[in-house]
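Each chain is listed here by its residues.
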2 protein chains.
Amino acid sequence: MLTAHTIKVLQSLDKKKFRQKYDLFLVEGNKIICELFNSKFKIKEILSTDPQKLDRTDTPVTHISENELKKISFLQHPKDSVAICYLKSEEKLEDQKIQLVLDGIQDPGNLGTIIRLADWFGIEQIICSEDTVDFYNPKVIMASMGSFTRVNMVYTNLVEYLSNTENVNIGTDMEGENIYTFEKPQKLNLILGNEGNGMRPETEKLLQKNISIPRFGKSQSTESLNVSMAAGIILGQLFRV
Amino acid sequence: MLTAHTIKVLQSLDKKKFRQKYDLFLVEGNKIICELFNSKFKIKEILSTDPQKLDRTDTPVTHISENELKKISFLQHPKDSVAICYLKSEEKLEDQKIQLVLDGIQDPGNLGTIIRLADWFGIEQIICSEDTVDFYNPKVIMASMGSFTRVNMVYTNLVEYLSNTENVNIGTDMEGENIYTFEKPQKLNLILGNEGNGMRPETEKLLQKNISIPRFGKSQSTESLNVSMAAGIILGQLFRV
């Protein structure tokens, strides 16, 4: 039986403040939990309505009721298990050939989708501004579908980082170079801005280039593509052999 | 003042059954409502908390309170206005050079995103299986960001349609031809399957070709890209000049 205190602590982990206070975050569903076993993330304990499905000798698995699961899950339709995991200490890898740099992405679904995209294309590291949504946010973890275990996430001062990197800093802009004809540098950062406001002016100053996805539709609407969709289409071009 | 009956009718329009019964659907927010003015959609009435912003002589605009707006809006954070619109009678255009065909897409967010993508690339028509989510669903309308006014949506028996079209029917499949080297036919349908189950076997039988997006990441996960993201990356290639 989970104590009222434990339930309260777990419920608080949807907030960054409490994740940092307890040094913990939650991962839901056996499918994603299994991806943790082969990753650098350490699991403290798994709470499961069906522990036999998670036959592990190295991780304590506690049986809980459906009702307890409902109390601690952040999902509308809770799955089978919840893993309580330790936050990973952050370390920056060397700059990779193709990296994503996020300047103030706020929507957890967008960040999760971008992490999943990075994983698909084998991008090993994403550099985020300090105000980008926390990737331990339960909605990011769910949207990333386990990809967060394979992509190194770094939160840092972007102005400092972009000033010092040797990668070519590339932004997106309606007036930018056409992605179909643009010549790809050897090492690059693709910088993606906030959903509503785009990049910060101080970030924009540090760009060496801008690219754009040509619009074929007749629409005169100012609406652009969603940031994660734009990232997907651009990466589709950057990885073209 | 809105009558209790009117409020009840408007609230029921989140269900397809009632949209069809009343022949009505809702569009929320001045930004999208303005795109209706240049479209084939007919507006019955606009309800607005700030009617002066919508200075129209051809459409009745009624002033409502914030409180009334809250009652009829399907949004968590209601915007300024709600337009009550008539459903459009469905007509199929001739087959276009590049078309999307949806076999049982269920998630309204995915359908909305796909309509927005189609609009971006100038795809004028999407053919849907009869069990694809209704595009008049308020979540689809919101996610499409006004693009539903520019893309013709047809719901039909896919087996019949795919058997008779002269477009080449192309599916997506992990084993399919690489999108980067695949040779594009003159006229094609890109067929996208249901989020969980993919295409129906009877649809699959009618494909002439399969294509796939190469995965560069090392992940052995069976997880594929989300259907709308896959569509975006593939269209990015198909429209490459």
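In the block above lies the structure referred to throughout.
Our subject in this report is the structure included herewith. (Residues numbered from 1 in each chain as written. Chains lettered and ligands numbered in written order. Predicted model: local features only at pLDDT ≥ 70, side-chain atom pairs only at ≥ 80, totals over all residues. Heavy atoms only, no water.)

### A closer look at the interface of chain A and chain B
When the parts of a complex come together, some accessible area is lost, and that lost area is often taken as the interface size.
Phase 1 of the analysis: With 35 residues of chain A at the contact, the number on the chain B side is 34 residues.
Phase 2 of the analysis: Buried area between chain A and chain B, summed over both chains or domains, comes out near 3,200 Å², and the portion from carbon and sulfur atoms is 62%.
Phase 3 of the analysis: Linking chain A with chain B are 0 salt bridges, by the criterion used here.
Phase 4 of the analysis: The tally of links from chain A across to chain B stands at 13 residue pairs in polar contact (both at pLDDT 80 or more).
Phase 5 of the analysis: The residue makeup of the side of chain A that touches chain B, split by class, is 14 nonpolar, 11 polar and 10 charged. (Contact = heavy atoms within 4.5 Å. Buried area = accessible area lost by both parts, 1.4 Å probe. Salt bridge = Lys/Arg side-chain N within 4 Å of Asp/Glu carboxyl O. Polar contact = N/O pair within 3.5 Å; in protein donor to acceptor, adjacent residues only side chain to side chain. Nonpolar A, V, L, I, M, F, W, Y, C, P; charged D, E, K, R; others polar.)

### Observations concerning the environment of glycine 217 of chain B
Phase 1 of the analysis: In this fold, glycine 217 of chain B is placed in the loop between strand S10 (209-212) and helix H9 (227-238).
Phase 2 of the analysis: Given a relative accessible area of 13%, glycine 217 of chain B falls into the buried group.
Phase 3 of the analysis: Between the C-alpha atom of glycine 217 of chain B and that of phenylalanine 41 of chain B, which follows or precedes it by 176 residues, the distance is 45 Å.
Phase 4 of the analysis: The contacts of glycine 217 of chain B, once residues within four sequence positions are left out, are Asp119, Trp120, Phe121 and Gly122 of chain A. (Helix = DSSP H or I, 4+ residues; strand = E, 2+ residues; numbered from the N terminus. Buried < 20%, exposed > 50% of the residue type's maximum accessible area, 1.4 Å probe, protein only.)

### So, the pairing of strand S6 (residues 125-129) of chain A
Residues and elements named next belong to chain A.
Phase 1 of the analysis: A large share of S6 lies buried, amounting to 5 of its 5 residues.
Phase 2 of the analysis: Of the two faces of S6, the one holding Gln125, Ile127 and Ser129 and the one holding Ile126 and Cys128 are both buried throughout.
Phase 3 of the analysis: Viewed along the sheet, the connection from strand S5 (residues 98-103) through helix H5 (residues 108-120) into S6 turns out right-handed.
Phase 4 of the analysis: Taking the sense of rotation as the criterion, the β-α-β connection linking S6, helix H6 (residues 138-144) and strand S7 (residues 152-156) turns out right-handed. (Right-handed = clockwise from strand over helix to strand, strands pointing away.)

### As for the environment of asparagine 152 of chain B
All names here are of chain B.
Phase 1 of the analysis: Mapped onto the elements, asparagine 152 comes out in strand S7 (residues 152-156).
Phase 2 of the analysis: We classify asparagine 152 as buried; its relative accessible area is 10%.
Phase 3 of the analysis: Excluding residues within four positions of it along the chain, asparagine 152 makes contact with Lys88, Glu91, Lys92, Leu93, Glu124, Gln125 and Ile126.

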